[in-house]
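In case you want the letters, here they are:
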Amino acid sequence: MALVMIDMINMYDHEDAEDLVVSARRVVPVVSELIARARAADVPVVYANDNLGLWRSHHGEIVETALTGPHADLVEPIKPDDDSLFVVKARHSIFYETPMSYLLWQLAIRDMVLCGQVTEQCVLYSALDAHIRHFDVIVPRDAVASIHPHLERAALEMMERNMGARIVTAEQVDFTSSPR
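A short tour of the structure in this document, coming up. (Residues numbered from 1 in each chain as written. Predicted model: local features only at pLDDT ≥ 70, side-chain atom pairs only at ≥ 80, totals over all residues. Heavy atoms only, no water.)

### Comments concerning the packing of aromatic side chains
- Throughout the structure, instances matching the rule amount to three aromatic pairs.
- Summarising the aromatic geometry, the rings of Y47 and F86 are spaced 6.1 Å apart at their centres and angled 10 degrees between planes, so their arrangement reads as stacked. One end of the pair, Y47, is in strand β2 (residues 45-50); the other, F86, is in strand β3 (residues 85-89), with 39 residues separating them in the sequence.
- On the accessibility criterion, Y47 (1% relative accessible area) is buried.
- Accessibility expressed as a relative area gives 18% for F86, which makes it buried.
- Look at F95 and F135: their rings are 5.9 Å apart centre to centre, the planes differ by 25 degrees, and that puts the pair in the stacked class. In this pair, F95 sits in the loop between β3 and α3 (100-106) while F135 sits in the loop between α4 (119-132) and β5 (136-140), placing the two residues 40 residues apart along the sequence. (Phe/Tyr/Trp six-rings, centres within 6.5 Å; stacked < 30°, edge-to-face > 60°. Helix = DSSP H or I, 4+ residues; strand = E, 2+ residues; numbered from the N terminus. Buried < 20%, exposed > 50% of the residue type's maximum accessible area, 1.4 Å probe, protein only.)

This is how it looks when you write it as structure tokens:
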């Protein structure tokens, strides 16, 4: 199993950012707890993050840039540690033209917990791409942030219905046993 953090290292300086910030403030404490539990169980924590328009593949610069932004308080509690893995992406899916599939294969991962933002965009598209690659997906509904709550509800329903994702609460995620 792996915990995959989608686009949580963020400057929040894009269109609709203020709506996302409201949702992210609710989600960050839950995500922080998930990260701590995954680390305690020796479950890999993988950050899959947009490049923030920097077009550099060095994750440290992306993290440092986000920590200098106006919403650094949303990044600080969930920033990667030295054991975290980091995949830089340029589009919505964590798999699109990234080494994510190969990384997960190298780690013998079959089950992934997806959390992060934006539920109705990057989380949804990543769940679809995980499904077509035969990964089992778990999405804690309280660990994903959205811009449009009604689209978030639809996205979670689509992940569950069309992709077989398990939609749970963060508390229900058990990093000590495989859901298989």
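### Here's the deal with α4
- With 14 residues, α4 should reach 20 Å at 1.5 Å per residue; the first-to-last C-alpha distance of 18 Å fits that figure.
- What α4 keeps buried is the set T119, E120, C122, V123, L124, S126, A127, D129 and A130.
- Here the buried face of α4 lies against β1 (2-6), β3, β4 (111-117), β5, β6 (144-145) and α5 (149-163).
- Of the residues one or two after α4, H134 is the one with positive phi, at around 70 degrees. (Expected span 1.5 Å × (residues − 1). Contact = heavy atoms within 4.5 Å.)

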